[in-house]
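Commentary on secondary and tertiary structure
Residues per chain, in single letters:
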Amino acid sequence: MRRFVRSHATELALLAVIAVICVFLSFATDRFFTLGNAFDLLNTSSVNIIFAVGLLVVLVAGGIDISFAVAASVVQYLTATVLGWVGGGNWIIGVIIAGALGVALGCINAFLIHGFRIISIVATISTFNIFFGLLMFFTGGVSIYNLPDWLTNRVVLFEREMADGSWAEITLPVLIMVICVFATWALITRTTTGRQLYAFGDNPEGARRFGINTGAMQFIAFGWLGLMAGIAGLVQAHYAQEVVPNALYGRELDVLAAVVLGGARLGGGKGSVLGCILGVLLVSITQNGLNLMGVSPFAFKMIVGAIILAAITLSNTSIERLLPFLKSRRVPS
């Protein structure tokens, strides 16, 4: 039991924090603790969770990427354009096109990082600006509203009428999110490639000496994030029923905060899918609760910034190193 608690300390801590926040919000607002709000949270969190599991793979491999949300916007726009050329298509064709474009953009990052030995955060800051600049330049910031019927039609997987006459629904984005989560979990925990990604992220030089192809690890990690970003972009277009070039702009910091909060180490070699999901849910629940309480959205941005700071500090500083510091700061009585 002690070994289980120690190995899942982050996940258990997140569950405890989420429980405390939910109890507080259930008393602070009468709309939070309802089935409809819970389903809305799940539906609206689907895109961020898809982003998060993709980013998790990059962080496990020792990299960092802040361009994925903008890449998803590019994929979203290109996919809508291509679908118009091919006569509309369907979900299978849409996912294939979006996934392929996302992988291509992810591989551009991997090529820059591995081929030119550029630090991943520097490379992705560059591609973040390049992708977004090109998107806004060629589109002029004009949205696409004429989308295929299959992409705009809501698909309800489960629904229930509430006492006030409203409907609580779980929609298609949740199913796609579950598939992406399971696929990522299988990749990093049930395959040799997943074990190599952890080894490479934990000790790149040791992994290279052991015979692991470091270039392949970069392309797999960033390619997987590109795949998830492409799918997330398509899901966002389905949820919003339109393609807005800057709709996903800025989403990368919220997702990064959630993934690191979920236990992924920025130095690589550590992270779990469960922790990643709980991190996203914690951020989403906090935002939802503040919205229901009428708190300014700017306050949420401050909270996300504090979460990033705390998560990075804790991910790079062990408890054993923090305790002596805390003791030294005590004022003697």
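Residues numbered from 1 in each chain as written. Predicted model: local features only at pLDDT ≥ 70, side-chain atom pairs only at ≥ 80, totals over all residues. Heavy atoms only, no water.

A few words on unusual backbone geometry. Of note in the backbone geometry, Arg 117 takes a positive phi value of approximately 55 degrees without being a glycine. Along the chain, the position of Arg 117 falls in the loop between helix H5 (91-115) and helix H6 (120-139). A residue is classified by how much of its surface remains accessible, and Arg 117, at 63% relative accessible area, is exposed. (Helix = DSSP H or I, 4+ residues; strand = E, 2+ residues; numbered from the N terminus. Buried < 20%, exposed > 50% of the residue type's maximum accessible area, 1.4 Å probe, protein only.)

On to the environment of Ala 186. For Ala 186, the position within the fold is in helix H8 (residues 172-189). Put simply, Ala 186 and Val 273 are 87 residues apart on the chain and 9.9 Å apart in space, counted from C-alpha to C-alpha.

A separate point is the side chain of Thr 124. Topologically, Thr 124 is positioned in helix H6. The exposure class of Thr 124 is buried, given its relative accessible area of 0%. Here the side chain of Thr 124 touches Ile 121 through a polar contact of 3.3 Å, landing on its backbone oxygen. Contact partners of Thr 124, with chain neighbours within four places excluded, come to Ile 64, Asp 65, Ile 66, Ser 67, Asn 109 and Phe 222. (Polar contact = N/O pair within 3.5 Å; in protein donor to acceptor, adjacent residues only side chain to side chain. Contact = heavy atoms within 4.5 Å.)

With that out of the way, let us pick up the packing of helix H3 (residues 35-60) against helix H11 (residues 214-240). It is the contact of H3 with H11, at a shortest axis distance of 7 Å, that shows an interaxial angle of 170 degrees. Between H3 and H11, the crossing angle belongs to the class labelled roughly antiparallel. The segment H3 lies against H11, with Asn 43, Thr 44, Val 47, Ile 50, Phe 51, Val 53, Gly 54, Leu 55, Val 57 and Val 58 engaging Ala 221, Phe 222, Trp 224, Leu 225, Met 228, Ala 229, Ala 232, Val 235, Gln 236 and Tyr 239. Taken together, the residues of the contact of H3 with H11 sort by class into 16 nonpolar, four polar and no charged. (Axes fitted to C-alpha atoms, helices over the stretch in contact; angles between N-to-C directions. Parallel < 35°, antiparallel > 145°, perpendicular 65-115°, else oblique. Nonpolar A, V, L, I, M, F, W, Y, C, P; charged D, E, K, R; others polar.)

Roughly 410 Å³ of volume is contained in the second largest pocket. As for the second largest pocket, its lining consists of 22 residues, of which Thr 44, Asn 48, Arg 251, Ser 284 and Gln 287 are closest to the centre. Elements that contribute at least two residues to the lining of the second largest pocket include exactly H3, H11, helix H12 (251-261), helix H13 (273-292) and helix H14 (297-316). Here the lining of the second largest pocket is composed, by residue class, of nine nonpolar, ten polar and three charged. (1 Å grid on protein atoms, 1.4 Å probe; cavity = no way out; pocket = protein on both sides within 12 Å on 5 of 7 lines; lining within 4 Å. Points joined across faces, edges and corners; volume = space filled by probe spheres on them.)

Let us now look at the side chain of Ser 45. Structurally, the position occupied by Ser 45 is in helix H3. For Ser 45, a relative accessible area of 1% corresponds to the buried category. Non-local contacts of Ser 45, meaning those with residues more than four positions away in its chain, are made with Val 280, Leu 281 and Ser 284.

Glancing now at H11. With 27 residues, H11 should cover 39 Å at 1.5 Å per step; its first-to-last C-alpha distance of 39 Å lies within 8% of that length. Of all 27 residues in H11, 21 are buried; the element is thus mostly enclosed. The residue sitting at the N-terminus of H11 and contributing the capping side-chain oxygen is Asn 213; that oxygen lies 3.1 Å from the backbone nitrogen of Gly 215. Looking at the residues trailing H11, positive phi occurs at Gln 241, about 60 degrees. (Expected span 1.5 Å × (residues − 1).)

For the rest of this paragraph, the subject is H5. In an α-helix there are 3.6 residues to a turn, and that puts residues three or four apart on one side. Between the first and last C-alpha of H5 there are 35 Å, a value that for 25 residues agrees with the 36 Å anticipated at 1.5 Å per step. Here H5 starts with a cap whose side-chain oxygen sits 3.1 Å from the backbone nitrogen of Ile 92, and that cap is Asn 90.

Right, let's get into the pattern of salt bridges. According to the stated counting rule, one finds four salt bridges in the structure shown. For the salt bridge of Glu 169 with Arg 154, the shortest nitrogen-to-oxygen distance reads 2.5 Å. Taken together, the positions of Glu 169 in strand E2 (residues 167-171) and Arg 154 in the loop between helix H7 (149-152) and strand E1 (156-161) put the pair 15 residues apart, joining distant regions of the chain. Overlapping salt bridges bring together Glu 205, Arg 208 and Arg 209 as one network. (Salt bridge = Lys/Arg side-chain N within 4 Å of Asp/Glu carboxyl O.)

We now examine the nonpolar core. In this structure, Phe 51 and Val 259 are the most contacted members of the largest nonpolar core, which totals 84 residues. Counting residues per element, this core draws most heavily on H3, which supplies 13 residues. The residues touching Val 259, leaving out its near neighbours within four places in the chain, are Ala 52, Leu 55, Leu 56, Leu 59, Ala 264 and Cys 276. Ranked by size, the runner-up nonpolar core spans ten residues in total, among them Ile 18, Phe 32, Leu 41 and Leu 292. (Core = buried A, V, L, I, M, F, W, Y, C linked by side-chain atoms within 4.5 Å.)

Moving on, we get to the environment of Arg 251. Of note, Arg 251 is situated in helix H12. The spatial distance from the C-alpha of Arg 251 to the C-alpha of Val 70 is 8.6 Å, given a sequence separation of 181 residues. Not counting chain neighbours up to four residues away, the residues in contact with Arg 251 comprise Val 47, Asn 48, Phe 51, Ala 69 and Gln 236. There is a polar contact of 2.8 Å between the side chain of Arg 251 and the side chain of Asn 48.

Right, let's talk about the pairing of E1 for a bit. Judged from the five bridges that link them, E1 and E2 form a sheet pairing that is antiparallel. When the sheet's bridge partners are listed, Glu 161 is paired in E2 with Trp 167. As consecutive antiparallel partners, E1 and E2 are separated by five residues, and within that stretch Gly 165 has a phi angle of approximately 95 degrees, a positive value. (Pairing = 2+ DSSP bridges.)

As far as function goes, none of this settles anything; it's purely spatial.
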